[in-house]
Each structure stands twice: as structure tokens, then as C-alpha cells.
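Architecture and fold: a report
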Amino acid sequence: MQHLTIATISIASRRALLHSLISANPAYELVADITHAEALHLLPNLQPDVVIIDAAMLNINPLAALKSLNQWLTCPASLVLANGSRNEHQLWLDLGAQAIARLEQPETIVQALAELARQNQLQAA
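Residues numbered from 1 in each chain as written. Predicted model: local features only at pLDDT ≥ 70, side-chain atom pairs only at ≥ 80, totals over all residues. Heavy atoms only, no water.

Some points on a nonpolar patch on the surface
On the surface, a nonpolar cluster with roughly 250 Å² of combined accessible area is contributed by Leu63, Leu91 and Leu95. Topologically, Leu63 is positioned in helix H3 (residues 62–70). Here Leu63 falls in the partly exposed class, since its relative accessible area comes to 42%. (Patch = residues over 30% accessible without salt bridge, like charges linked within 9 Å, V, L, I, M, F, W, Y side chains within 5 Å. Areas by Shrake-Rupley, 256 points an atom, 1.4 Å probe, with all protein chains shown as cover. Salt bridge = Lys/Arg side-chain N within 4 Å of Asp/Glu carboxyl O. Helix = DSSP H or I, 4+ residues; strand = E, 2+ residues; numbered from the N terminus. Buried < 20%, exposed > 50% of the residue type's maximum accessible area, 1.4 Å probe, protein only.)

Structure follows, in C-alpha cells:
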């Protein structure tokens, strides 16, 4: 089983659900909760395998956060939590997100994390 390190960029009201989903799988480890733009510079040092970006984030522009991740030398996978239409989801994918999930449908987050873990395992092999 591949170990997957995860960082989140999310609002407080959504963080508890994310923590419960991550802690439910022993192969996942939460390495950071980013809540302010000033902390984004810490992520490259932590080198998470996946960064979950909440599109409803207030203190951080989620588009800027995704762009920043995509500029790393070894880019982590990005999972965006979005509530919008298929067009919005496609826009996030076009901007570089590897997966989209809906917080109000936790099973989509679980499925996306499992797929990203599988992709991470294939890249490591």
C-alpha cells in the first residue's frame, strides 16, 4: 500500500470533514493545513503528494494556489473541491487540477484520493 501525504488549503468549516476522510485511511497522512496565503511558501518544503484546494477558500485565491503548485519542479497532484457546474469542473482541470470532487459528496473525495494514490504508486514504480 502506497503512503500518501496530503496538505489541505481549505476553510475552517470544511476542514473537519477533510480530516475525518484522511484519517479514515491509514495510508494517508495529513502534513499541513494551509489557511492563509502567507503559509503557501511552506508547501514546497513539505513536498506533499496531494494538495486539496477548496475552491471556496476566502483567505487564499484558489486559482493562484493551483498556479503556484503547477510551477513546482516536482508538482504534487491537486484535488480541487468545487460546487459548480461541469463547465467549472472542466475549467479547473484545464488549469492543471488532476481531480475534482464535491465536499457535499464525500464519496467523490474518497474516490479521487484513491485514484491519485494509484497514480502516485504507478509513478513511483
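Still more to cover.
Details of the pairing of strand E2 (residues 28–34)
Within a regular strand, side chains alternate between the sheet's two faces. Two strands pair when backbone bridges link them, and strand E1 (residues 4–9) and E2 are joined in this way by six bridges, in the parallel orientation. Its bridge partner lying in E2, Thr5 is registered against Glu29. What joins E1 to E2 is helix H1 (residues 12–23), and the crossover it makes is right-handed. (Pairing = 2+ DSSP bridges. Right-handed = clockwise from strand over helix to strand, strands pointing away.)

Details of unusual backbone geometry
Positive phi, normally seen in glycine, also occurs at Gln47, with a value near 45 degrees. Within the secondary structure layout, Gln47 lies in the loop between helix H2 (43–46) and strand E3 (50–54). With a relative accessible area of 54%, Gln47 lands in the exposed category.

Structural notes on the environment of Ala27
Considering the arrangement of structural elements, one finds Ala27 in the loop between H1 and E2. With 53 residues separating them in the primary sequence, Ala27 and Val80 have C-alpha atoms 20 Å apart.

Regarding the sheet that holds E1
Pairing within the open sheet is parallel, and its five strands lie in the order E2-E1-E3-E4-E5. Single-partner strands in this sheet number two, and they are E2 and strand E5 (99–101). Taking each pair of neighbouring strands and ignoring which way they run, the sheet shows an average axis angle of 25 degrees. Across four bridges, the pairing between E1 and E3 is parallel. Directly across from Ala7, in E3, lies its bridge partner Val51. (Axes fitted to C-alpha atoms, helices over the stretch in contact; angles between N-to-C directions.)

Quick word on the environment of Leu66
Tracing the backbone through its elements, the reader meets Leu66 in helix H3. The spacing of Leu66 and Val51 is 15 residues in sequence and 9.1 Å in space, taken between C-alpha atoms. Ignoring anything within four residues of it in the chain, the contact list for Leu66 reads Ile53, Ser78, Trp92, Leu95, Gly96 and Ala97. (Contact = heavy atoms within 4.5 Å.)

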